[in-house]
Amino acid sequence: RLGPMARLKVPDRAMEARGRGSFRFSAEDLNPVAYKDYLLGLAPTRNVYLHLCFDRARPSRAFCGVFAPSLQEAWVCFGGIDPSEGEAMRADLEHTLAEQLAQASSSSLVVRTEATFVVGKSLNSIAQWLEQRLQEVRRRDGSAVCVL
């Protein structure tokens, strides 16, 4: 399976390789699919937007944000901040995030926001948090497309 952006020039080659397990293709074996056909009929509001950033020297200092316009919800997670310190900032962070997402929207979108603070010495806690959020989005709106 190559995905929606490329097709094989000679599909019979894939059928020949099917019984052998894996098969490598070179760029010359592929034809690009026109962009206008990519995700035909889906509006940007169907996307789920994901932003992840972290400090390479101290991966425990990280940020991850997930925004699902179709659900009118956004979640953010901060790593490397003491949870008690985070609790003091939570309300202001959620309010600011909701305001900024509403301003960026072309419609009068009201976004529910949630801020979380995790502890740990690696990105594992952020990755687990992200996995839970994406599973929740998938459960509530299975037709969404994630944009990194």
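Just above sits the structure.
Notes on the structure in this doc start here. (Residues numbered from 1 in each chain as written. Predicted model: local features only at pLDDT ≥ 70, side-chain atom pairs only at ≥ 80, totals over all residues. Heavy atoms only, no water.)

## Here's the deal with the pattern of salt bridges
Close approach of charged atoms allows side chains with opposite charge to pair. In the structure shown here, the tally under the stated rule is six salt bridges. Measuring nitrogen to oxygen at the nearest pair gives 2.9 Å for the salt bridge that ties Glu-73 to Arg-112. Pair noted here: Glu-73 is in strand β5 (residues 73–79) and Arg-112 is in strand β6 (residues 112–118), with a separation of 39 residues, a long-range link. For Glu-73, a relative accessible area of 6% corresponds to the buried category. The partly exposed category is assigned to Arg-112, whose relative accessible area is 42%. Put simply, Glu-136 and Arg-140 hold a salt bridge, and the shortest N to O gap is 3.2 Å. With Glu-136 and Arg-140 both in helix α3 (residues 124–140) and four residues apart, the pair spans about one turn of that helix. A single network of salt bridges, built from pairs that share partners, joins Glu-73, Arg-112, Glu-114, Arg-133, Glu-136 and Arg-140. (Salt bridge = Lys/Arg side-chain N within 4 Å of Asp/Glu carboxyl O. Helix = DSSP H or I, 4+ residues; strand = E, 2+ residues; numbered from the N terminus. Buried < 20%, exposed > 50% of the residue type's maximum accessible area, 1.4 Å probe, protein only.)

## Quick look at the pairing of strand β4 (residues 62–68)
Burial runs high along β4: six of the seven residues are buried. Alignment of strand β3 (residues 47–54) against β4, held across six bridges, turns out to be antiparallel. Paired with Leu-52 across the bridge in β4 is Cys-64. The hairpin turn running from β4 into β5, its antiparallel successor, is four residues long, and Gln-72 in that turn takes a positive phi close to 55°. (Pairing = 2+ DSSP bridges.)

## Comments concerning the packing of aromatic side chains
To describe a pair of aromatic rings, one takes the distance between the centres and the angle between the planes. Enumeration over the complete set of coordinates arrives at three aromatic pairs. Ring centres of Phe-63 and Phe-78 lie 5.2 Å apart, and the angle between their planes is 55°; this geometry places the pair in the tilted category. Separated by 15 residues along the polypeptide, Phe-63 in strand β4 and Phe-78 in strand β5 bring together distant segments of the chain. Since its relative accessible area comes to 21%, Phe-63 is described here as partly exposed. Assessed through its relative accessible area of 17%, Phe-78 is described here as buried. (Phe/Tyr/Trp six-rings, centres within 6.5 Å; stacked < 30°, edge-to-face > 60°.)

## Comments concerning the side chain of Glu-94
Mapping Glu-94 onto the fold places it in helix α2 (residues 83–104). At 4.2 Å, Arg-90 is the nearest oppositely charged side chain to Glu-94, a buried residue that forms no salt bridge. A polar contact is formed between the side chain of Glu-94 and the backbone nitrogen of Ala-115, at a distance of 2.9 Å. (Lys, Arg positive; Asp, Glu negative; His and termini not counted. Polar contact = N/O pair within 3.5 Å; in protein donor to acceptor, adjacent residues only side chain to side chain.)

## Side note on α2
Between its first and last C-alpha, α2 extends 29 Å over 22 residues, near the 32 Å set by a 1.5 Å rise per residue. In α2, a bend of some 50° at Met-89 exceeds every other bend along the element. Buried residues belonging to α2 abut β4, β5 and β6. (Expected span 1.5 Å × (residues − 1). Bend = angle between axes of the 7 residues up to and from the residue. Contact = heavy atoms within 4.5 Å.)

## Comments concerning the environment of Thr-116
The residue Thr-116 is located in strand β6 in this model. Residue Thr-116 is classed as buried on the basis of its relative accessible area of 19%. Residues Thr-116 and Gly-79, spaced 37 residues apart in sequence, show a C-alpha to C-alpha distance of 8.7 Å. Dropping the residues within four chain positions of it, Thr-116 is found in contact with Val-76, Cys-77, Phe-78, Arg-90 and Trp-129.

## Overview of the nonpolar core
Counting 15 residues, the largest nonpolar core has Val-66, Trp-75, Trp-129 and Leu-130 as its most contacted members. Listed by contribution, the elements that provide at least two residues to this core are β3, β4, β5 and α3. No other element matches α3, which puts five residues into this core. Among residues more than four places away in sequence, those in contact with Val-66 are Val-48, Tyr-49, Leu-50, Glu-73, Ala-74, Trp-75, Trp-129, Leu-130 and Leu-134. (Core = buried A, V, L, I, M, F, W, Y, C linked by side-chain atoms within 4.5 Å.)

In short, geometric facts, not functional conclusions.
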